[in-house]
Amino acid sequence: MTLAAAAEAPSLRVERLTLGQGLARAAGGAKPFAALSYGVGGDNAWITGVSARVLLNSEPMVDLWHAGAAVQSGTTGVVRWRSDGHWLLGVVDLDENDHGEDLTALSQRAYRNLFEAMKQAGCPHLLRIWNYLPRINDDGGGMERYRQFNAGRQQAFLEAGQAAFEGAPAACALGVHEGALCIRFLAGRVPPLPVENPRQVSAYHYPSDYGPRSPTFSRAALAPLGGGQVALFISGTASIVGHQTVHVGDVRAQLDETLLNLRAVIAAANERSSAIFTLERSDPVVYVRHPADAPGIRRQLEHALGAGSRFMRHAVFLQADICRSELLVEIEAHATEPGELRG
Ligand code: 3EB
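Engineer: Please explain the sheet that holds strand E5 (residues 72-76) as it appears in this structure.
Structural biologist: The pairing of strands in a sheet happens through backbone hydrogen bonds and is either parallel or antiparallel. Taking strand neighbours across the sheet as the criterion, the 7 strands line up as E5-E6-E7-E10-E8-E9-E18 in an open arrangement whose pairing is mixed. Edge positions in the sheet fall to E5 and strand E18 (321-322), since each has one partner strand and no second. Here 4 bridges tie strand E6 (residues 79-83) to strand E7 (residues 87-94), and the two strands are oriented antiparallel to one another. Pairing of Arg-80 across the sheet is with Val-91, part of E7.

Written as structure tokens, this is what we have:
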């Protein structure tokens, strides 16, 4: 699309609220474009939840997305979506028991439908994907379920002609204890600018020790949102240096390493945009494998980032399994700042 057309497009905005605030906001005015809530399942036309336990007695949080006023909704295969013609938010909730397929085939089908939905809505560029897999670290019959998911996901990207290596979208993949295979995704008309982390091997180049097909995601993605704003979507980030898990068994050291990785990927993003992003001004989700670790993780984050930082005020702590069984904590975040991409 041309630059002029991009400039006319409705801008996308996101705000992180408590679920209560989000519902009150929606009740008081027009329905939001879409919302993704963390810590509560169930959904209706415009809000969809990630069903994982909220830790530390904190409230479930919600990302309220605002886009153009003329929202259309549709169903494409197993994908339900809402779009204003410029931005698309879609969801998949698949109960594996309802489908006689293994997780590889099911993931491939979900992603195939997802790309079809993007085509139908005229939003061909994936910006960010959230994946939640039941029992992610379990054996799926000769292969770990996360590895099965990776195989199906990569195959669907290749078949759809979507960038499966360089240029892949930002993503996360977490394990939930029960329920459906959940995928949420955000797509648009303008391609995002992928960002890698100089401290880490690109995940799409992981050696085959981590599975026959590599994971399909970039460490982060920069996306112009219109209205002079740029978004930084930071993928799930953990204690991995090069391609290796480091500090096995030491959650404190894993969190320190994760913070170094987050700061490194933000620094790399800041080279590619006139916007200035900081970790302190981002909206994170903190995934904790063992609930007993959560109070210590929160204290350590308060110490590192400031108890009054936006990061801490907006943080949501969820119990989840992380895609490698030695990883104890993983953090993802997004932020928006004024600026534009550098070519
Ligand atoms: C890692 O760095 C940790 O498979 O989509 C992080 C973000 C991770 C996304 C994915 C996996 C994914 O490899 C795991």
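Engineer: Any chance you could explain the side chain of Arg-16 here in plain terms?
Structural biologist: You can see Arg-16 is positioned in strand E1 (residues 13-18). The exposure class assigned to Arg-16 is buried, which follows from its relative accessible area of 5%. Polar side-chain contacts of Arg-16 include one of 2.6 Å to the side chain of Asp-63. Within the local environment of Arg-16, its side chain forms a polar contact with the backbone oxygen of Pro-284, the two atoms lying 2.7 Å apart. Setting aside anything within four residues of it in sequence, one finds Arg-16 in contact with Tyr-38, Met-61, Val-62, Asp-63, Asp-283, Pro-284, Val-285, His-314, Val-316 and His-334.

Engineer: Would you explain the side chain of Glu-144 in this entry?
Structural biologist: Mapped onto the elements, Glu-144 comes out in the loop between strand E8 (125-134) and helix H4 (145-159). Here Asn-137 takes part through its side chain, which lies 3.1 Å from a polar atom of the side chain of Glu-144. Once you skip the residues sitting within four places of it in the chain, Glu-144 turns out to touch Ile-136, Asn-137, Asp-138, Asp-139 and Cys-323.

Engineer: I tried to follow the site of the ligand on my own but got confused; where do I start?
Structural biologist: Around the ligand sit 13 residues in total, of which Tyr-146, Arg-153, Tyr-206, Arg-219 and Cys-323 are the nearest. Notes on the ligand: free accessible area 350 Å², of which the protein chains cover 100%. Every element with two or more residues in the shell around the ligand is listed here: H4 and strand E9 (170-176). Looking at the shell around the ligand, the element that brings in the most residues is E9, giving 3 residues. Considering only residue class, the shell around the ligand consists of 9 nonpolar, 1 polar and 3 charged.

Engineer: Whenever I open this one, helix H6 (residues 294-305) confuses me. Can you help?
Structural biologist: With 12 residues, H6 ought to run about 16 Å at 1.5 Å a step, and its terminal C-alpha atoms sit 16 Å apart, in line with that. Among the residues making up H6, those that are buried are Ala-294, Ile-297, Gln-300, Leu-301 and Leu-305. Within H6, the buried residues cover an arc of 125° as seen down the axis, which keeps them to one side. Opposite the buried face of H6, by more than 90 degrees, sit the exposed residues Arg-299 and His-303. Each element contacted by the buried residues of H6 is listed here: helix H5 (251-271), strand E16 (283-288), helix H7 (310-314), strand E17 (316-319) and strand E19 (329-338). Following H6 by one or two positions, Gly-306 adopts a phi angle in the positive range, close to 95°.

Engineer: How should I be thinking about the pairing of E6 in this particular structure?
Structural biologist: It is a general feature of regular strands that their side chains alternate between the two faces of the sheet. Among the 5 residues that make up E6, 4 are buried, leaving the element largely enclosed by the rest of the structure. Bridge count for E5 against E6 is 5 bridges, and the pairing is antiparallel. When the bridges of E6 are listed, Gln-72 appears paired with Ser-83. Counted between consecutive antiparallel strands, the loop separating E5 from E6 contains 2 residues, among which Gly-77 sits at a positive phi close to 60°. Hairpin connection between E6 and E7: a loop of 3 residues separates the two successive antiparallel strands, and Gly-85 in this loop has a positive phi of roughly 90°.

Engineer: I keep staring at the environment of Ala-67 and nothing clicks. Help me out?
Structural biologist: Tracing the backbone through its elements, the reader meets Ala-67 in the loop between strand E4 (61-66) and E5. Between the C-alpha atoms of Ala-67 and Asp-250, which are 183 residues apart in sequence, the distance is 42 Å. Ignoring any residue separated from it by four or fewer positions in sequence, one finds Ala-67 in contact with Ser-11, Leu-12, Phe-33, Asp-84 and Trp-87.

Rules used throughout
The residue count restarts for each chain, going from 1 along the sequence in the order it is written. In view of the model being predicted, local features appear only for residues whose pLDDT reaches at least 70, and side-chain atom pairs are presented and counted only at 80 or more, with totals across whole chains, interfaces and linings using the full set of residues. Hydrogens are left out, water is left out, and the side-chain values use all remaining heavy atoms of the structure. The pairing criterion for strands is at least two bridges between them, as found by DSSP. Secondary structure is summarised from DSSP: a helix means a run of H or I of at least four residues, a strand means a run of E of at least two, and numbering begins at the N terminus for each. Burial here depends on accessible area, computed with a 1.4 Å probe over protein chains only, as a share of the maximum for the residue type. Under 20% is buried, over 50% is exposed, and the range in between is partly exposed. Polar contacts here mean pairs of N or O atoms no more than 3.5 Å apart (in protein, one a potential hydrogen donor and the other a potential acceptor; neighbouring residues in sequence count only if both atoms are side-chain atoms). What makes two residues a contact is simply this: any of their non-hydrogen atoms within 4.5 Å. Definition of nearness: a residue and a molecule or strand are near each other if at least one heavy atom of the residue lies within 4 Å of the molecule or strand. All accessible-area figures derive from a Shrake-Rupley calculation using a 1.4 Å probe, and residue coverage is judged against the displayed protein chains alone. Residues were grouped as follows: Ala, Val, Leu, Ile, Met, Phe, Trp, Tyr, Cys and Pro as nonpolar; Asp, Glu, Lys and Arg as charged; and all remaining residues, including Gly, as polar. Working rule for helices: expected span equals 1.5 Å times residues minus one. What the arc measures is the spread of directions leading from the helix axis to the C-beta atoms.

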